[in-house]
Amino acid sequence: EAGLREAVSRCLATLGVRTVTPPGQTCCGSVHAHAGDTEGAHHLAERNRAAFGASATVLTFASGCHEAVSVALGGEATRTVDAIEFLSRQLAAQPGRWRWRAASERVALHVPCTQRNVVHSASTLRAVLSSVPALDIVELDAGAGWCGASGAQMLEDPGRAAAFRAPLLQQLQESGATRLLSANLGCRLHFANGTPVPVQHPLEFLAECIQATPSPQAVSPGA
C-alpha cells in the first residue's frame, strides 16, 4: 500500500521523524499460518527478520499483521509498534508541531478484531480521531461487529464471510457516512467489495487533516 506508507511518512515528517522502507520485506505470513502452511510462514518471517534487522523501531500498518511481524523480530514489544500508537505518542510529545484542519464530514469507523484484541490500539485511534475539529464519527458495531474477512475466510467461504459483513454494511448505509475507516488490510478489502463508499486506513484520512505548524524563520542579527 504505497499510498498508506506515503501518508504515514508525511505525517511523521511533520513531527520531525524520518521513515525508511527497507528493501526485502515481504508478507507477514499470517494468512499462510492460518492455512496450515507453517513452512511458508516461517520462510516469510526469516525474510522480514533479515530486512528489519538493523531497524530499532518497526511500524506496522495492518492490525492483522502486527503479531506476526513482532514474533518474527523476536517479540520485543518496544521494537514493533503499531503506527497509530507511534503517531499518537509523537503528537503528545510535540503538540506545537501539529494542527488539524476542520473536517466537516461524517465517517464510519470499523475497529477490527485484531486491533481490539491483539494490538490494543482502538482507544488510541478513537482519541486521535476525536481531536479532529468538526469530524462526526459513527462506529460500526452492528451484528457481531466482525466483518467476516478472518484471514482467508472471505475467499474460502465467501457466503459465510458476507453474512457477517451484511449488518455492518447496512449500518454503514444508514449512517450516511462518506467514507469508511478500518486499520486492517483484509477488513478493508472485504468491505470495499461490498460498498461503493471509499474505504481507507485511518492514517490515510488523518494525513489529509493535518496542517503543519510553520517553524520560526531564521533571523540574522542586526549590524
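The structure this text deals with has already been given above.
Residues numbered from 1 in each chain as written. Predicted model: local features only at pLDDT ≥ 70, side-chain atom pairs only at ≥ 80, totals over all residues. Heavy atoms only, no water.

Structural notes on the packing of aromatic side chains
Under the counting rule described, the total for this entry stands at two aromatic pairs. Summarising the aromatic geometry, the rings of tryptophan 98 and tryptophan 100 are spaced 5.2 Å apart at their centres and angled 75 degrees between planes, so their arrangement reads as edge-to-face. The same class applies to tryptophan 98 and to tryptophan 100, which are both buried. (Phe/Tyr/Trp six-rings, centres within 6.5 Å; stacked < 30°, edge-to-face > 60°. Buried < 20%, exposed > 50% of the residue type's maximum accessible area, 1.4 Å probe, protein only.)

A closer look at helix α3 (residues 38–51)
Taking 1.5 Å of rise per residue, 14 residues should cover 20 Å, and α3 covers 20 Å from first to last C-alpha, within 8% of that figure. Listing the buried residues of α3 in full gives Gly40, Ala41, Leu44, Ala45, Asn48 and Ala51. Buried residues of α3, seen end-on, are gathered within an arc of 135 degrees and therefore sit on one face of the element. Of the exposed residues in α3, those oriented more than 90 degrees away from the buried face are Thr38, Glu39 and Ala50. Where the residues of α3 are buried, they touch α2 (30–34) and α4 (63–72). (Helix = DSSP H or I, 4+ residues; strand = E, 2+ residues; numbered from the N terminus. Expected span 1.5 Å × (residues − 1). Arc of directions from axis to C-beta. Contact = heavy atoms within 4.5 Å.)

Points about the sheet that holds strand β5 (residues 135–139)
Strand order in the open sheet formed by four strands is β5-β4-β6-β7, and the pairing between neighbours is parallel. Looking at strand neighbours, the two that pair on one side only are β5 and β7 (199–200), the edges of this open sheet. With two bridges connecting them, strand β6 (residues 179–182) and β7 associate as parallel partners. Looking at β7, one finds that leucine 181 is bridged to glutamine 200. Here helix α7 (residues 122–130) sits on the sheet in contact with β4 (105–110), β5 and β6, set at roughly 155 degrees to β5. (Pairing = 2+ DSSP bridges. Axes fitted to C-alpha atoms, helices over the stretch in contact; angles between N-to-C directions.)

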